[in-house]
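Next come the chains, spelled out residue by residue.
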Amino acid sequence: MSKEWPLWEIFIRGQHGLSHRHVGSLHAPDAEMAIKNARDVYTRRNEGVSIWVVEANNISASSPSEKGPLYEPSESKIYRHPTFFDIPDEVGHM
Amino acid sequence: MAPVDKEMLTQFLLRMGDNTLILGHRVSEWCGHAPVLEEDIALANTALDLIGQTQFWLGYAAEVMGDGKTADDVAFLRDAWDFRNLLLLELPNGDFGQTLMRQFLFDAYQSILLPRLMKSSDQRIAEVAEKASKEVAYHVERSAETVVGLGDGTEESHKRMQAALDRLWPYVGEMFASDEVDAAMATAGIAPDPATLREEYDALVGKVLSEATLTVPDSDFAHKGGRTGATHTEHLGHLLTQMQWLQRAYPGATW
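Predicted model only: the values in this text are computed from it and were never measured.

Here is a general trend for soluble globular proteins: nonpolar side chains tend to be buried in one another's company. By size, the foremost hydrophobic cluster in this structure holds 77 residues, and its most contacted members are Phe12, Met101, Phe104, Leu105, Leu117 and Tyr201 of chain B. The greatest single-element share of this core, amounting to 12 residues, is contributed by helix α5 (residues 96–117) of chain B. Excluding its chain neighbours within four sequence positions, the residues that come into contact with Tyr201 of chain B are Leu105, Ala108, Tyr109, Ile112, Val172, Met175, Phe176 and Gly206 of chain B. Residues Trp8, Ala28, Ala34 and Val53 of chain A belong to the second largest nonpolar core, which totals 9 residues.

Shown next as structure tokens:
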């Protein structure tokens, strides 16, 4: 058994209506303590109304070495941006 | 509010404020020394909460004392024999386990006392208690969970937590040793007689300690003399030399 506490990724909702945002990571023995530690480390200055914690090894991440096949094809597809419509002036700022 | 002797009220407020001041200072000694970063920050937060509560209690005590005194005067310009904190809180921190065991034993007491103080006939005390009780609800949850985690942890952590409990248990009884100050507060409806809190305290503490697989020492012996100021331990003076050093060396210094 490892003697180190597992790493947890911390997500905080700043205010009602916003999404939870990744704010950093910390170590804790279990999920409940991870929430408590997140409360103490990341919400001391009134930053949040909700905390999510996810054990870091439960997160699957894309591989940087695959960035070619993953992202480059979309670079040349400008027609996917909705910038080719004429917006009537009356619509105002969108 | 029923009329109450000013000296008695002062003593009560000093007991409340000195408890949080002295424990707050002790806990702050961990700043930069805790075993992991997360606990370091959590302990610093707890210490700051306690010092925050102190400002209210000692601020009110200073007002009742009169003479234009402030919370700072009361905290920094009294000597050891004027302090009214529980002996438990002035003891040196010991290891991390002992620090957390003491924190739990005190948090449990506060978590039972403060909800009663929210119904105090003294509006000011009721308001302070209401604010502090939210912080204390978190403190006790955290310290109880840590006591369970370490008590029911490894062989080493269990051994240390049992040693901490054996060391600190004789200092628990003082919380409930009522005297004429408590009687005056109870009569005026300001605060409950602490002796009436014991049953609830034993139930709460017993539940957590049994979950932590720890054995409560089979002894009612209680060291006393902190909340009356009659016999502090030798440790309080040493603590004060650190805490009060600046105001003693540079009287009236501000920044």
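Right, picking up where we left off after that structure.
This part is about the layout of surface pockets. All names here are of chain B. Taken as a whole, the largest pocket encloses approximately 1000 Å³ of empty space. Listed by contribution, the elements that provide at least two residues to the lining of the largest pocket are α2 (37–65), α5, α6 (123–151) and α7 (155–168). Looking at the lining of the largest pocket residue by residue, the class counts come to 10 nonpolar, 8 polar and 9 charged. Empty space within the second largest pocket amounts to approximately 300 Å³. Ranked by the residues each element gives to the lining of the second largest pocket, the list is headed by α2, at 7 residues. In the lining of the second largest pocket, the residues fall into 11 nonpolar, 5 polar and 1 charged.

Mapped onto the elements, Glu38 of chain B comes out in helix α2. There is no salt bridge for the buried Glu38 of chain B, and the closest opposite charge comes from Arg142 of chain B, which lies 8.0 Å off by N-O distance. Here the side chain of Glu38 of chain B touches His27 of chain A through a polar contact of 2.6 Å, landing on its backbone nitrogen.

So, on to unusual backbone geometry. Residue Asn46 of chain A is not a glycine yet carries a positive backbone phi of 65 degrees. Take Asn46 of chain A: it is sitting in the loop between α1 (31–42) and β3 (50–55). In this structure, Thr213 of chain B is a non-glycine residue whose phi angle is positive, near 55 degrees. Within the element layout of this structure, Thr213 of chain B appears in the loop between α9 (198–211) and α10 (234–243).

The next thing to look at is the pattern of salt bridges. Under the counting rule described, the total for this entry stands at 17 salt bridges over all chains. With a shortest N-O distance of 3.4 Å, Arg142 of chain B and Glu39 of chain B are connected by a salt bridge. Residue Arg142 of chain B is found in helix α6, and its partner Glu39 of chain B is found in helix α2; the two are separated by 103 residues along the sequence. Of the two residues, Arg142 of chain B and Glu39 of chain B, neither departs from the other in class, the shared state being buried. Lys159 of chain B serves as the salt-bridge partner of Glu156 of chain B, at 3.7 Å between the closest nitrogen and oxygen. Note that Glu156 of chain B and Lys159 of chain B are positioned in helix α7 at a spacing of 3 residues, about one turn of the helix. Residue Glu156 of chain B is classed as partly exposed on the basis of its relative accessible area of 39%. The class for Lys159 of chain B is exposed, based on a relative accessible area of 54%. Taken together, the salt bridges that share partners define one network made up of Arg39 and Asp40 of chain A together with Glu39 and Arg142 of chain B.

Looking now at the side chain of Thr46 of chain B. All names here are of chain B. The residue Thr46 is located in helix α2 in this model. A residue is classified by how much of its surface remains accessible, and Thr46, at 10% relative accessible area, is buried. In contact with Thr46, other than residues within four places in its own chain, are Gln103 and His139.

Attention shifts here to the interface of chain B and chain A. Taken together, the contacts link 12 residues of chain B with 12 residues of chain A. At the boundary of chain B with chain A, total buried surface from both sides reaches about 1200 Å², with 51% on carbon and sulfur atoms. It is Glu38, Tyr138 and Glu145 of chain B that lose the most area in chain B upon contact with chain A, and together they represent 48% of the buried surface on that side. If you look at where chain B meets chain A, you find 3 salt bridges. Between Glu141 of chain B and Lys36 of chain A there is a salt bridge, with the nearest N and O atoms lying 3.1 Å from each other. Summed over the shared surface of chain B and chain A, the number is 9 residue pairs in polar contact (both at pLDDT 80 or more). Those elements that place two or more of their residues in the side of chain B that touches chain A are α2 and α6 of chain B. Take the side of chain B that touches chain A: its biggest share by element is 6 residues, from α2 of chain B.

This part covers the pairing of strand β1 (residues 7–13) of chain A. All names here are of chain A. The buried fraction of β1 is high, at 5 of 7 residues. In this structure, β1 lies alongside strand β2 (residues 20–27), joined through 7 bridges in antiparallel fashion. Bridge pairing in β2 places Glu9 opposite Ser25. Counting the residues in the hairpin turn of β1 and β2 gives 6 residues, including Gly17, whose phi is positive at 100 degrees. One ladder, built from 6 bridges, connects β1 with β3; its direction is antiparallel. Considered in β3, the bridge of Arg13 is made with Ser50.

Parameters and conventions
- Residues numbered from 1 in each chain as written.
- Chains lettered and ligands numbered in written order.
- Predicted model: local features only at pLDDT ≥ 70, side-chain atom pairs only at ≥ 80, totals over all residues.
- Heavy atoms only, no water.
- Core = buried A, V, L, I, M, F, W, Y, C linked by side-chain atoms within 4.5 Å.
- Buried < 20%, exposed > 50% of the residue type's maximum accessible area, 1.4 Å probe, protein only.
- Helix = DSSP H or I, 4+ residues; strand = E, 2+ residues; numbered from the N terminus.
- Contact = heavy atoms within 4.5 Å.
- 1 Å grid on protein atoms, 1.4 Å probe; cavity = no way out; pocket = protein on both sides within 12 Å on 5 of 7 lines; lining within 4 Å.
- Points joined across faces, edges and corners; volume = space filled by probe spheres on them.
- Nonpolar A, V, L, I, M, F, W, Y, C, P; charged D, E, K, R; others polar.
- Lys, Arg positive; Asp, Glu negative; His and termini not counted.
- Salt bridge = Lys/Arg side-chain N within 4 Å of Asp/Glu carboxyl O.
- Polar contact = N/O pair within 3.5 Å; in protein donor to acceptor, adjacent residues only side chain to side chain.
- Buried area = accessible area lost by both parts, 1.4 Å probe.
- Pairing = 2+ DSSP bridges.

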